[in-house]
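An overview of the molecular structure
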Amino acid sequence: MGPDGGKVVAAKVGEGHDRRSMSEKSPPIVAIDGPAASGKSTVARRVASALGVVFVSSGGMYRAFTWWVLEKNVDPAANAAVVELLGATSFDCGDDCGVGTITVDGQMLAPEAISAERVNRNVSIIAAIPEVRSRLVAEQRAYGQSNGLVMEGRDIGSVVFPDTPYKFYIDASPEVREQRRRAEGITDSIAERDKADSSRAASPLVVPEDAVVVDSSDLTVEEVVDSVLAAIAEQRDQV
Ligand code: DC
């Protein structure tokens, strides 16, 4: 509050521009959403590294809990049993050299475990359960409290960090995404995952209203990263 009881408005230096450099401003929270195999994860990782903030894959968190459900022999389709297990599970989110990590009940999961075929087949079912979403969204928000981050997922700009000015939606044609998936040796159906992620009742995949949309079908990773960084720099000038 100011001396007259009104809000203190930060004075701007220069001709309408805030002349503090990017590094002097509070670290940004960058939300990158998009469908499976749109390239958002590679892009998010590189953008985080360029900005010096942690990269977090929120899909990795849904995958980690899905792995745990399967490990505990709980039927992913049995919502009540999944929610009961959720209540008995502790998550611990951290940062390993700029990459977000999650332990589930003290167990750190290897990338191979969370990208296994059986996790691929069940993760959309687990991610559609509202209780799972609200628990993991709380964990995701805790990451962004003070140090900034780049988080990729399906609902990061729409639900997890709706107030951030840095929102991106990375897309690519279904054909290109299918090809990318096969090149990674993954054989799940992109069409089925798109349908499940976009049609669920709880926080479906949507293009946030104020997001910058980038179609990566005919762009290199570098071109997408450069366009995202340029948009962030432009926005930061105005924040
Ligand atoms: O990005 P990914 O393929 O690792 O995501 C795995 C699954 O998790 C995907 O089917 C959708 C779901 N997901 C979600 O519902 N919300 C997020 N923020 C991130 C992923």
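Anyway, here's the lowdown on the structure attached to this text. (Residues numbered from 1 in each chain as written. Predicted model: local features only at pLDDT ≥ 70, side-chain atom pairs only at ≥ 80, totals over all residues. Heavy atoms only, no water.)

Turning our attention to the pairing of strand E4 (residues 99-104). Inspection of the sheet shows strand E3 (residues 91-96) paired to E4 by six bridges, in the antiparallel sense. Note that in E4 the partner of Asp96 across the bridge is Val99. Here E3 folds back onto E4 in antiparallel fashion, the turn holding two residues, of which Cys97 has a positive phi close to 50 degrees. As paired strands, E4 and strand E5 (residues 107-108) are joined by two bridges and run antiparallel to one another. The partner of Val104 across the bridge, within E5, is Gln107. (Pairing = 2+ DSSP bridges. Helix = DSSP H or I, 4+ residues; strand = E, 2+ residues; numbered from the N terminus.)

According to the stated counting rule, one finds two aromatic pairs in the structure shown. Ring plane angle 70 degrees and centroid distance 5.9 Å describe the contact between Phe65 and Phe91, whose orientation is recorded as edge-to-face. Here Phe65, found in helix H2 (residues 58-71), pairs with Phe91, found in strand E3; they are 26 residues apart in sequence, far enough to count as distant. A residue is classified by how much of its surface remains accessible, and Phe91, at 10% relative accessible area, is buried. Seen from their ring centres, Trp67 and Trp68 are 6.1 Å apart, and the 25 degrees between their planes marks the pair as stacked. (Phe/Tyr/Trp six-rings, centres within 6.5 Å; stacked < 30°, edge-to-face > 60°. Buried < 20%, exposed > 50% of the residue type's maximum accessible area, 1.4 Å probe, protein only.)

Okay, the environment of Ile29 next. Within the secondary structure, Ile29 is located in strand E1 (residues 29-33). On the accessibility criterion, Ile29 (19% relative accessible area) is buried. Between the C-alpha atoms of Ile29 and Ser146, which are 117 residues apart in sequence, the distance is 9.4 Å. Excluding residues that lie within four positions of it along the chain, Ile29 makes contacts with Gly144, Gly148, Leu149, Phe161, Thr164 and Tyr166. (Contact = heavy atoms within 4.5 Å.)

Moving on to the nonpolar core. In terms of nonpolar packing, the biggest core is built from 36 residues, with Phe65, Val82, Val132, Leu149 and Met151 touching the most fellow members. At eight residues, H2 tops the list of elements feeding residues into this core. No fewer than three residues from each of domain 1 (1-53 + 148-239) and domain 2 (58-147) sit in this core. Apart from residues lying up to four places away in sequence, Leu149 is in contact with Pro28, Ile29, Val30, Val53, Val54, Val56, Tyr143, Gly144 and Phe161. Judged by nonpolar contacts, the second largest core, of 18 residues, contains Val30, Val53, Tyr166 and Val214. (Core = buried A, V, L, I, M, F, W, Y, C linked by side-chain atoms within 4.5 Å. Domains from an automatic or database assignment.)

Below, the discussion takes up the pairing of strand E6 (residues 149-153). Two faces belong to every sheet, and in a regular strand the side chains alternate between them. For E6, a buried count of five out of five residues is recorded, marking the element as mostly surrounded by other parts of the structure. Where burial is concerned, the two faces of E6 agree: the one with Leu149, Met151 and Gly153 and the one with Val150 and Glu152 are both buried. Pairing between E1 and E6: five bridges, direction parallel. Across the sheet, the residue bridging to Ile29 is Leu149, located in E6.

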